[in-house]
Amino acid sequence: MSRFRNLVGALVLGAASFLSVAPAQAAGPAITLPDTRFSFEGFFGVYDRGSLQRGFQVYKEVCSACHAMRQLSYRNLLEIGLSEEQVRAIAATFQVVDGPNDQGEMFERPARLSDRFRRPFANEQAARAANNGAYPPDLSVMVKARLNGADYMHALLTGYVDPPAGFTLMDGMNYNAYFPGHQIAMPNVLNPGQVEYADRTEATVDQMARDVTTFMAWAAEPEAEKRRAMGIRIILFLIILGGLTYAVKRKVWADVKH
C-alpha cells in the first residue's frame, strides 16, 4: 500500500512540475530555425569529407580553447579523410598527462593516436573560473542532445546580433537570436577570415559555422553512413526476397484448380 501511495505522490508531483513549467515555456514566442540543408541529412545523406576536415580545423583553432570532445580519440580523425601521418602530426601538437613513471610521478608527453581529445581545463571548477562562472559543455554529442541539433548549432553560431530596443541584457551575457531566452554566456566566437582553410575555401561566418556543425554531427554519430548503407542493403534484400517469394507462390499454385 505504501508503494502505491509513493507512486501516486510521484505522479502528482510530476504533473505539478509539468503544469508549472508549461506556462513558462509557452510565454515566449517560438523560435524558428533556418533550414541549413546539410549533406548528411536524409536517408541517403553522407558527410562531406572536405567540410569535416574544415570543421575539425575550426574546432581545433577556435572551439577547443573552451569546449572538450572527450568521446573522440585522435585516431578517429582517420575516418574524416586525414592520413595517418597527418593525424599523428596533429596529435603530437597536444600535451597530455601520463604516468606514473618509475619515480611515481605524473608527466606530460605528446599525444598519440590512442589518446582522447585533450580537455581545455583540468576540471569543471577550473572551466567555470575561466569563463565567469559559465561551464562550456562537452561537444561530443551536442548535436544529438539538442532538438533539430545541426540546424540549431548552425543557427546559434550565426545568431549573434544587436539586441532589439528595450531588451535588457544581464551582466556578462550576449544576445543571440536563436538561443532560448536570447541571453547566452558564450560570446560570438566566429569572425570572417578567422581561420585559413587549407583548401582555400573562404572562411565566412556561415561557412565556418556550417563546417564545425558538420564535424560535431559526425562526432555525435560517426556510424551514420554505415548504418544508412546497411539499411539500404536490407531494404533491397527484402524487396528481392519478396519478389522471389511471390514468384515461387505463383509457380507452386499455378496448377491448382479453383
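Further up the page is the structure itself.
Residues numbered from 1 in each chain as written. Predicted model: local features only at pLDDT ≥ 70, side-chain atom pairs only at ≥ 80, totals over all residues. Heavy atoms only, no water.

Side note on the overall build of the chain
Stated formally: Numbering of helices and strands starts at the N terminus; helices are DSSP runs of H or I of at least 4 residues and strands are runs of E of at least 2. Should any heavy atoms of two residues lie within 4.5 Å, those residues are considered in contact. All accessible-area figures derive from a Shrake-Rupley calculation using a 1.4 Å probe, and residue coverage is judged against the displayed protein chains alone.
Each helix and strand in the chain was counted, giving eight helices and four strands. When its helices and strands are written in sequence order, the chain yields α-α-α-β-β-α-α-α-β-β-α-α. Within the chain, counting contacts between residues at least 6 apart in sequence, those at least 24 apart form 62% of the total. Working note: accessible area of the chain is about 16700 Å², and carbon and sulfur atoms make up 58% of it.

Notes on the nonpolar core
To keep things clear, this is the line we draw: We define the nonpolar core as a collection of buried residues of types Ala, Val, Leu, Ile, Met, Phe, Trp, Tyr and Cys that are connected through side-chain atoms lying within 4.5 Å of one another. Each residue is placed in one exposure class: buried if its accessible area under a 1.4 Å probe, protein chains only, is under 20% of its type's maximum, exposed if it is over 50%, and partly exposed if it falls in between.
By size, the foremost hydrophobic cluster in this structure holds 47 residues, and its most contacted members are Y59, M69, L77, F117 and F215. Counting only elements with at least two residues in this core, the list comes to α2 (49-61), α3 (84-92), α5 (142-145), α6 (149-158) and α7 (205-220). If you tally residues by element for this core, the top one is α7, at nine residues. Not counting the four nearest positions on each side in its chain, M69 is found in contact with Y59, F117, D138, L139, S140, F215, M216 and A219.

Details of the pattern of salt bridges
Here is the rule we go by: Any carboxyl oxygen of Asp or Glu within 4 Å of a side-chain nitrogen of Lys or Arg constitutes a salt bridge here.
Evaluation of the coordinates by the stated rule reveals 12 salt bridges. For D211, the salt bridge goes to R54, with nearest N and O atoms at 2.9 Å. One end of the pair, D211, is in helix α7; the other, R54, is in helix α2, and 157 residues separate them in sequence. The shortest N-O distance in the salt bridge between D98 and R109 comes to 2.6 Å. Of this pair, D98 sits in strand β1 (residues 95-98) while R109 sits in strand β2 (residues 107-110), placing them 11 residues apart in sequence. For R109, a relative accessible area of 11% translates into the label buried. A cluster of three or more residues bridged by salt bridges with shared partners is formed by K144, E221, E223 and R227.

A few points about unusual backbone geometry
The peptide bond linking G99 to P100 adopts the cis configuration, its omega dihedral lying at 5°. Counting through the fold element by element, P100 comes out in the loop between β1 and β2. Of note in this structure, R37 is not a glycine but carries a positive phi near 55°. Checked against the element boundaries, R37 lands in the loop between α1 (2-27) and α2. Despite not being glycine, N148 has its phi angle at roughly 50°, a positive value. Within the secondary structure layout, N148 lies in the loop between α5 and α6.

By themselves, these figures tell us nothing about what the structure is for.
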